[in-house]
Amino acid sequence: MPGTRSFPDLPTLTPYIGTISAIFGASVVAAGILVGVADLSVISDRVITDPVALQKSLAGIQSGTFFLHVILNNALIALMVMMSAAFRKKFIPHLFIFWNGFVLTTYSLTIVQAIGWLQFVSAFLPHAVIEIPTLLIAAVYATHAIDRFNAENTSWRVDRESAHWYLFIPYLYRVVPFIVVAAAVETFISLPVLKLLVGV
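None of the values given here were measured: they were computed from a predicted structure.

1. Some words on the overall build of the chain
When helices and strands are tallied, the chain shows 7 helices and 0 strands. Beginning at the N terminus, the succession of helices and strands in the chain can be written as α-α-α-α-α-α-α. In the chain, which comprises 200 residues, the share counted as buried stands at 38%. For the chain, restricting intrachain contacts to residue pairs at least 6 apart in sequence, the fraction spanning at least 24 positions comes to 85%. For the chain, the accessible area works out to roughly 11,000 Å², and carbon and sulfur atoms hold 69% of it.

This is how it looks when you write it as structure tokens:
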């Protein structure tokens, strides 16, 4: 039966952190192997490498609009990950993390081949070190909530107190703030650095 809930602490989440990190690491390795052995011309054709085209694309980006777009996009993705707990199946957030890690790494390595490591790290690392862990944190809370829902034989639709402590509070206080910080770094640090590198 539903009882008093509390915010999950770090020792409670540690096993989930290890699992999610391992899944993401496996996706990175798998993508690295794919990039090494496969023909990725389909992907590389979608990467803007022409200096003039890249300058034109970046010049049209407005900081305010870009900032809001990044926040809304990442907040929606994280929310989808956490709300997948409604299905009470851990393979869903696990699959989501693997697929996103795989796609992100594949595209990243393709971009590196086009512009080089120095430009890639300078333009993408500042916000990626915040953005990626935030997505992993969302999956950690989702898998923890799934285990709690299954253990209590309930769901967020039935036990609103569980949903409050296991999903909504972590989303608002542990995920959204980092999304905002990552968006600020991407908008006001990564984007200007990338513009500087390509001469915008």
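Having seen the structure, we can now continue with the description.
2. Brief notes about the pattern of salt bridges
Note that side chains of opposite charge can pair when their charged atoms are close. Overall, the coordinates contain 2 salt bridges when judged by the stated rule. The partner of Lys90 in a salt bridge is Asp147, with the nearest N and O atoms 3.3 Å apart. With Lys90 in the loop between α4 (63-83) and α5 (91-115) and Asp147 in helix α6 (residues 117-151), this residue pair connects regions lying 57 residues apart in the sequence. Exposure remark for Asp147: the relative accessible area of 25% places this residue in the partly exposed category.

3. Looking at the packing of aromatic side chains
This structure, assessed with the given rule, holds 6 aromatic pairs. Judged by centre distance (6.3 Å) and plane angle (15 degrees), the ring pair of Phe98 and Phe102 falls under stacked. In this pair, Phe98 and Phe102 are both assigned in helix α5, 4 residues apart and thus about one turn of the helix distant. Classification of Phe98 by relative accessible area gives partly exposed; the value is 30%.

4. Topic: α4
The terminal C-alpha atoms of α4 lie 30 Å apart, and with 21 residues this matches the ideal 30 Å at 1.5 Å per residue to within 8%. Within α4, burial applies to Phe66, Phe67, Val70, Ile71, Asn74, Ala75, Ala78, Val81 and Met82. Projected down its long axis, α4 shows its buried positions confined to an angular sector of 150 degrees, all on one face. Exposed residues on α4 whose side chains face more than 90 degrees from its buried face are Thr65, Leu68 and Leu72.

5. Some words on the side chain of Thr143
Tracing the chain through its elements places Thr143 in helix α6. In this structure, Thr143 is in contact with Tyr16, Ile20, Lys90, Pro93 and His94, ignoring residues within four places of it in sequence.

6. Looking at the environment of Ala78
Inspection of the secondary structure assignment puts Ala78 in helix α4. When near neighbours in sequence (up to four residues on either side) are disregarded, Ala78 contacts Ala138, Tyr171, Val175 and Ile179.

7. Concerning the packing of helix α1 (residues 10-37) against α6
Closest axis-to-axis distance for the α1/α6 pair is 9 Å, and the angle between their directions is 125 degrees. Classified by the interaxial angle, the pair formed by α1 and α6 is oblique. Crossing handedness for the pair α1 and α6: right-handed. Contacts from Thr12, Leu13, Tyr16, Ile17, Ile20 and Phe24 in α1 reach Ile132, Leu136, Ala139, Val140, Tyr141, Thr143, His144 and Asp147 in α6. Within the contact of α1 with α6, the residues separate by chemical class into 10 nonpolar, 3 polar and 1 charged.

8. Section: unusual backbone geometry
Across residues other than glycine, the phi torsion is negative in most instances, and most of the peptide bonds are trans. Of note, the phi angle at Arg88 is positive, near 60 degrees, even though the residue is not glycine. Of note, Arg88 is situated in the loop between α4 and α5. With a relative accessible area of 25%, Arg88 lands in the partly exposed category.

9. Things to note about the packing of α4 against α6
Two elements in contact, α4 and α6, have axes whose closest approach is 8 Å; the angle formed by their N-to-C orientations is 25 degrees. With respect to α6, the element α4 is oriented roughly parallel. Classified by chirality, the crossing of α6 by α4 is right-handed. Along its contact with α4, which presents Val70, Asn74, Ile77, Ala78, Val81 and Met82, the element α6 presents Glu131, Leu135, Ala138, Ala139, Tyr141 and Ala142. In the contact of α4 with α6, the residues fall into 10 nonpolar, 1 polar and 1 charged.

Calculation criteria
Residues numbered from 1 in each chain as written. Predicted model: local features only at pLDDT ≥ 70, side-chain atom pairs only at ≥ 80, totals over all residues. Heavy atoms only, no water. Helix = DSSP H or I, 4+ residues; strand = E, 2+ residues; numbered from the N terminus. Buried < 20%, exposed > 50% of the residue type's maximum accessible area, 1.4 Å probe, protein only. Contact = heavy atoms within 4.5 Å. Areas by Shrake-Rupley, 256 points an atom, 1.4 Å probe, with all protein chains shown as cover. Salt bridge = Lys/Arg side-chain N within 4 Å of Asp/Glu carboxyl O. Phe/Tyr/Trp six-rings, centres within 6.5 Å; stacked < 30°, edge-to-face > 60°. Expected span 1.5 Å × (residues − 1). Arc of directions from axis to C-beta. Axes fitted to C-alpha atoms, helices over the stretch in contact; angles between N-to-C directions. Parallel < 35°, antiparallel > 145°, perpendicular 65-115°, else oblique. Left-handed = near helix turned anticlockwise from the far one by under 90°. Nonpolar A, V, L, I, M, F, W, Y, C, P; charged D, E, K, R; others polar.

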